[in-house]
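Here are the chains, one letter per residue:
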Amino acid sequence: MKNTIQILCFSFLTQIALGQGSFAPSAGQTGSTAMHKDSSSFVAWIDRCTVRRGLQQINDTSLGFANVGDSSDAFGKADGTTVSLGDGGEAIMELSQPVFNGPGYDFAVFENGFTATFLELAFVEVSSNGIDFFRFPSTSQTQVVSQVGTFGNLFATEIHNLAGKYHVNYGTPFDLDEIPDTGLLNKFAITHIKIIDVIGKINESFSTFDSSGKAINDPWPTPFGSSGFDLDAIGLIHVNGINSVKQEKLVLSIFPNPAHDFLTIESNLPISQVQFIDLTGRVFDYQNHRKIDISGLNSGVYFVRITTNSQSYVTKLVKK
Ligand SMILES: [Ca+2]
Ligand SMILES: [Ca+2]
């Protein structure tokens with residue numbers, strides 16, 4: 001009996017630590033997708049950001065807006081300095097070089113949660129024209145019976161595709177493949193990333209919802225200057241013109257550009273896929289990876305995506 005009780009207690013404590021959700025667990029646990037800030041996957045960090053602060057507490061305007069940090073605290077490598085967004089606040093990053101949809105995760109968002117279960121969440125959206133933004137489909141499996149309080153706990157296993165799933169120094173990764181295709185989003189030339197604080201209040205009129213329409217429960221109220229999502233940094237993984245895997249340098253030569261009938265690709269590594277993507281996001285696959293007959297394509301600008309077994313490279317080509 002004693003053993004049974006011990007096992008039950010252990011099981012209960014494990015559930016408390018992990019939550020009961022079906023998604024990847026906290027950083028350091030088996031199956032976690034958390035990315036440490038020192039990961040060699042990051043080839044660049046965002047260096048421009050515009051912030052629209054939200055109120056410290058959405059239903060009490062007398063407290064004013066969140067005010068900790070400023071937009072420059074989101075620049076560069078994750079370092080624990082943050083800009084606080086407040087309830088429903090937003091940060092919009094314009095990228096110096098576009099991010100593209102390469103194999104697996106394409107970028108990761110860093111927050112400053114100080115434990116694996118004190119988490120503040122945000123939606124993530126992307127755009128390829130700075131006007132039309134598309135949101136990563138998100139899921140919250142956190143209960144909605146009682147409000148998670150000011151310093152309440154959330155569990156990574158109950159959260160998917162929301163920034164802030166992992167604590168300080170660990171980025172939450174996002175894969176552009178998870179956004180449904182649309183002609184208004186070119187996943188091979190993402191120019192903007194937007195972070196929008198999840199208000200986290202489950203009752204009354206201030207709730208924010210996951211993709212299934214379920215209210216997202218996260219710590220609320222947080223009536224301080226550091227209210228809401230605290231954006232530390234965004235690490236970029238697949239950036240146009242930068243190779244994503246450093247240990248196996250890809251050397252490519254693509255010519256001529258502009259091209260009319262044929263395009264020649266010379267590479268030091270075996271190429272597994274060549275795709276042309278037009279400005280509306282339509283993708284054209286080619287079986288021949290060395291000398292490509294493009295005479296059937298309409299004239300215009302294309303992104304050429306060349307994939308080896310470990311990395312992707314995207315460049316712009318003009319078809320005459
Ligand atoms: Ca991807
Ligand atoms: Ca920072």
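Please refer to the structure higher up on the page.
On a predicted model such as this, the values are computed, not experimentally measured, just so you know.

Q: Explain the overall build of the protein to me, please; I cannot follow it from the model alone.
A: Helix and strand content of the protein: one helix and 21 strands. Taking 320 residues into account, the globule formula puts the C-alpha radius of gyration at 20 Å, and the protein, at 22 Å, falls close to it. Judged by the C-alpha coordinates and their principal axes, the protein covers about 70 × 55 × 35 Å. Per-residue burial for the protein yields a buried fraction of 50% across its 320 residues. In the protein, 72% of the contacts between residues at least 6 apart in sequence involve partners at least 24 apart. Approximately 14,200 Å² of the protein is accessible, and the part contributed by carbon and sulfur atoms is 55%. Distance between charge centroids for the protein: 6 Å, based on 21 positive and 31 negative side chains.

Q: Explanation requested: the coordination of the calcium ion (ligand 1) in the structure shown.
A: Think of it this way: four donors in a tetrahedron around the metal ideally sit 109.5 degrees apart, and six in an octahedron ideally sit 90 or 180 degrees apart. Taken together, the protein ligands of the calcium ion (ligand 1) are Asn101 (OD1), Gly102 (O), Gly104 (O), Asp106 (OD), Asp106 (OD) and Asp175 (OD), with distances of 2.3 to 2.7 Å. Geometry at the calcium ion (ligand 1) is irregular, judged from the six donor atoms that bind it and their angles of 50 to 174 degrees at the metal. Donor residues binding the calcium ion (ligand 1) come from one chain and are separated in sequence as N-G-x1-G-x1-D-x68-D. Taken as a pair, Asp106 in the loop between β5 (90–99) and β6 (107–110) and Asp175 in the loop between β11 (170–174) and β12 (190–197) lie far apart in primary sequence, 69 residues in all. The buried category is assigned to Asp106, whose relative accessible area is 0%. The exposure class assigned to Asp175 is buried, which follows from its relative accessible area of 12%.

Q: It is not clear to me how the layout of surface pockets should be interpreted in this structure. Could you clarify?
A: Empty pockets left among the atoms are what a rolling probe the size of a water molecule brings to light. For the largest pocket, the calculated volume is near 210 Å³. Lining the largest pocket are 16 residues, and of these Asn101, Asp181, Lys187, Phe188 and Val283 lie nearest its centre. Within the lining of the largest pocket, the residues separate by chemical class into five nonpolar, seven polar and four charged. For the lining of the largest pocket, the two domains that each supply at least three residues are domain 1 (12–236) and domain 2 (252–319). The volume enclosed by the second largest pocket comes to roughly 150 Å³. Around the second largest pocket, the lining comprises 13 residues; the ones closest to its centre are Phe114, Phe118, Glu120, Ser226 and Asp230. Along the lines of polarity and charge, the residues of the lining of the second largest pocket split into five nonpolar, six polar and two charged.

Q: What should I look at first to understand the nonpolar core in this one?
A: Nonpolar side chains in soluble globular proteins generally cluster together in the buried interior. Of all hydrophobic cores here, the largest spans 31 residues; its most connected members are Phe107, Val109, Ile193, Ile195, Leu231, Ile234 and Leu236. Listing elements by their share of this core, those giving two or more residues are β5, β6, β7 (122–127), β12 and β14 (233–236). Leave out the neighbours within four places in its chain, and Leu236 touches Ser41, Phe42, Val43, Ala44, Ile46, Leu95, Val99, Asp106, Phe107 and Ile193. With 14 residues, the next largest nonpolar core counts Leu263, Ile265, Ile294 and Ile306 among its residues.

Q: Looking at this structure, I do not really get the packing of aromatic side chains. What am I missing?
A: The description of an aromatic ring pair uses the distance of the two centres, along with the angle that the planes make with each other. If you walk through the whole model with that rule in mind, you get twelve aromatic pairs. Between the aromatic rings of Phe107 and Phe174, the centroid separation amounts to 5.7 Å while the plane-to-plane angle is 20 degrees, which identifies the pairing as stacked. Of this pair, Phe107 sits in strand β6 while Phe174 sits in strand β11, and the two are 67 residues apart along the sequence. Using a relative accessible area of 0% as the deciding quantity, one classes Phe107 as buried. Judged by relative accessible area, Phe174 falls into the buried class, the value being 0%. Pairing Phe114 with Phe118 gives two aromatic rings, centres 4.8 Å apart and planes at 20 degrees, and the pair type is stacked. Judged by relative accessible area, Phe114 falls into the exposed class, the value being 55%. Owing to a relative accessible area of 8%, Phe118 belongs among the buried residues under this scheme. Of the aromatic side chains, those joined through ring pairs into one cluster are Phe114, Phe118, Phe151 and Phe224.

Rules and cut-offs
- Residues numbered from 1 in each chain as written.
- Chains lettered and ligands numbered in written order.
- Predicted model: local features only at pLDDT ≥ 70, side-chain atom pairs only at ≥ 80, totals over all residues.
- Heavy atoms only, no water.
- Helix = DSSP H or I, 4+ residues; strand = E, 2+ residues; numbered from the N terminus.
- Rg over C-alpha atoms; globule rule 2.2 N^0.38 Å.
- Buried < 20%, exposed > 50% of the residue type's maximum accessible area, 1.4 Å probe, protein only.
- Contact = heavy atoms within 4.5 Å.
- Areas by Shrake-Rupley, 256 points an atom, 1.4 Å probe, with all protein chains shown as cover.
- Lys, Arg positive; Asp, Glu negative; His and termini not counted.
- Charge placed at Lys NZ, Arg CZ, Asp CG, Glu CD.
- Donors = N, O, S within 2.8 Å, 3.2 Å for Na, K, Ca; no water.
- Tetrahedral: all angles 85-135°; square planar, octahedral: opposite > 155°, others 65-115°.
- 1 Å grid on protein atoms, 1.4 Å probe; cavity = no way out; pocket = protein on both sides within 12 Å on 5 of 7 lines; lining within 4 Å.
- Points joined across faces, edges and corners; volume = space filled by probe spheres on them.
- Nonpolar A, V, L, I, M, F, W, Y, C, P; charged D, E, K, R; others polar.
- Domains from an automatic or database assignment.
- Core = buried A, V, L, I, M, F, W, Y, C linked by side-chain atoms within 4.5 Å.
- Phe/Tyr/Trp six-rings, centres within 6.5 Å; stacked < 30°, edge-to-face > 60°.

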